[in-house]
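Survey of secondary and tertiary structure
Letter by letter, the chains look like this.
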Amino acid sequence: QVQLVESGGGLVQPGGSLRLSCAASRSIFSIYAMGWYRQAPGKQRELVATITSGGSTNYADSVKGRFTLSRDNAKNTVYLQMNSLKPEDTAVYYCSARRPTSVTANYWGQGTQVTVSS
């Protein structure tokens, strides 16, 4: 079992920045692909970004050039740096972990609220 704990959400003005962190409970974190998803009120959960165990990243078109996903395997942690935030980025952000043999996420965090508003 892998536990994921997100932190770093909050209220920020449009154009501002936030950094989300997701800490995993297991040392085998390094072989898991990690991801961030978000869900706005009344909408389905959507992919924000993913990062493979080797560090390759993939981003949703809506966040390309503004968000950066990175991982620190020594700390079992992934970071989502969010810049130039827009009101439409407002959502609950969820961290996920996927085992190497899986095609979908196996574990989820509890979510952290990000609100972009003036």
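Overview of the structure. Quick caveat: nothing in here was measured; it's all calculated off a predicted structure. (Residues numbered from 1 in each chain as written. Predicted model: local features only at pLDDT ≥ 70, side-chain atom pairs only at ≥ 80, totals over all residues. Heavy atoms only, no water.)

1. Side note on the sheet that holds strand E1 (residues 4-7)
Taken in spatial order, the four strands make up an open sheet running E1-E3-E8-E7, and their pairing is antiparallel. The open sheet has two edge strands, E1 and strand E7 (67-72), and neither has a second partner. Averaged over neighbouring strand pairs, the angle between their axes works out to 15° when direction is ignored. Where strand E3 (residues 18-24) lies against strand E8 (residues 77-82), six bridges are found, and the strand directions are antiparallel. Within E8, the residue paired with Leu-20 across the bridge is Leu-80. (Pairing = 2+ DSSP bridges. Helix = DSSP H or I, 4+ residues; strand = E, 2+ residues; numbered from the N terminus. Axes fitted to C-alpha atoms, helices over the stretch in contact; angles between N-to-C directions.)

2. Here we look at the pattern of salt bridges
Per the counting criterion, the structure on display carries four salt bridges. For Arg-38, the salt bridge identified is with Asp-89, shortest N-O distance 2.9 Å. Taken together, the residues span a long stretch of sequence, with Arg-38 in strand E4 (residues 33-39) and Asp-89 in the loop between E8 and strand E9 (91-98) at a distance of 51 residues. Residues Arg-38 and Asp-89 agree in their burial class; the two are buried. (Salt bridge = Lys/Arg side-chain N within 4 Å of Asp/Glu carboxyl O. Buried < 20%, exposed > 50% of the residue type's maximum accessible area, 1.4 Å probe, protein only.)

3. Concerning unusual backbone geometry
Despite not being glycine, Asn-76 has its phi angle at roughly 55°, a positive value. Mapped onto the fold, Asn-76 is located in the loop between E7 and E8.

4. A closer look at the nonpolar core
Ranked by internal contacts, the top residues of the largest apolar core, which has 31 residues, are Leu-4, Met-34, Trp-36, Val-78, Leu-80, Met-82 and Tyr-93. Looking at this core, the elements with two or more residues in it are E3, E4, strand E5 (46-51), E7, E8, E9 and strand E11 (112-116). (Core = buried A, V, L, I, M, F, W, Y, C linked by side-chain atoms within 4.5 Å.)

5. Description of the state of the cysteines
One pass over the structure, following the stated rule, counts one disulfide. Between the sulfur atoms of Cys-22 and its disulfide partner Cys-95 the distance amounts to 2.0 Å. Its torsion about the S-S bond being -80°, the disulfide of Cys-22 and Cys-95 is classed as left-handed. Of this pair, Cys-22 sits in strand E3 while Cys-95 sits in strand E9, placing them 73 residues apart in sequence. (Disulfide = S-S within 2.5 Å.)

6. Comments concerning the pairing of E5
Sheet analysis places E4 next to E5, joined by five bridges and oriented antiparallel. Paired with Tyr-37 across the bridge in E5 is Leu-47. The hairpin turn running from E4 into E5, its antiparallel successor, is six residues long, and Gly-42 in that turn takes a positive phi close to 75°. Direction of pairing for E5 relative to strand E6 (residues 57-59): antiparallel, over a ladder of three bridges. Opposite Thr-50, over in E6, you have Asn-58 as the bridge partner. Taking the residues that link successive antiparallel strands as the turn, the E5-E6 hairpin has five residues, and the phi of Gly-55 there is positive, at about 100°.

7. Here's the deal with the side chain of Thr-112
Within the element layout of this structure, Thr-112 appears in strand E11. Of the polar contacts made by the side chain of Thr-112, one reaches the backbone nitrogen of Gly-9; its length is 3.3 Å. Excluding residues that lie within four positions of it along the chain, Thr-112 makes contacts with Glu-6, Gly-9, Leu-20, Ala-91, Val-92 and Tyr-93. (Polar contact = N/O pair within 3.5 Å; in protein donor to acceptor, adjacent residues only side chain to side chain. Contact = heavy atoms within 4.5 Å.)

On their own, these measurements won't tell you what the molecule is for.
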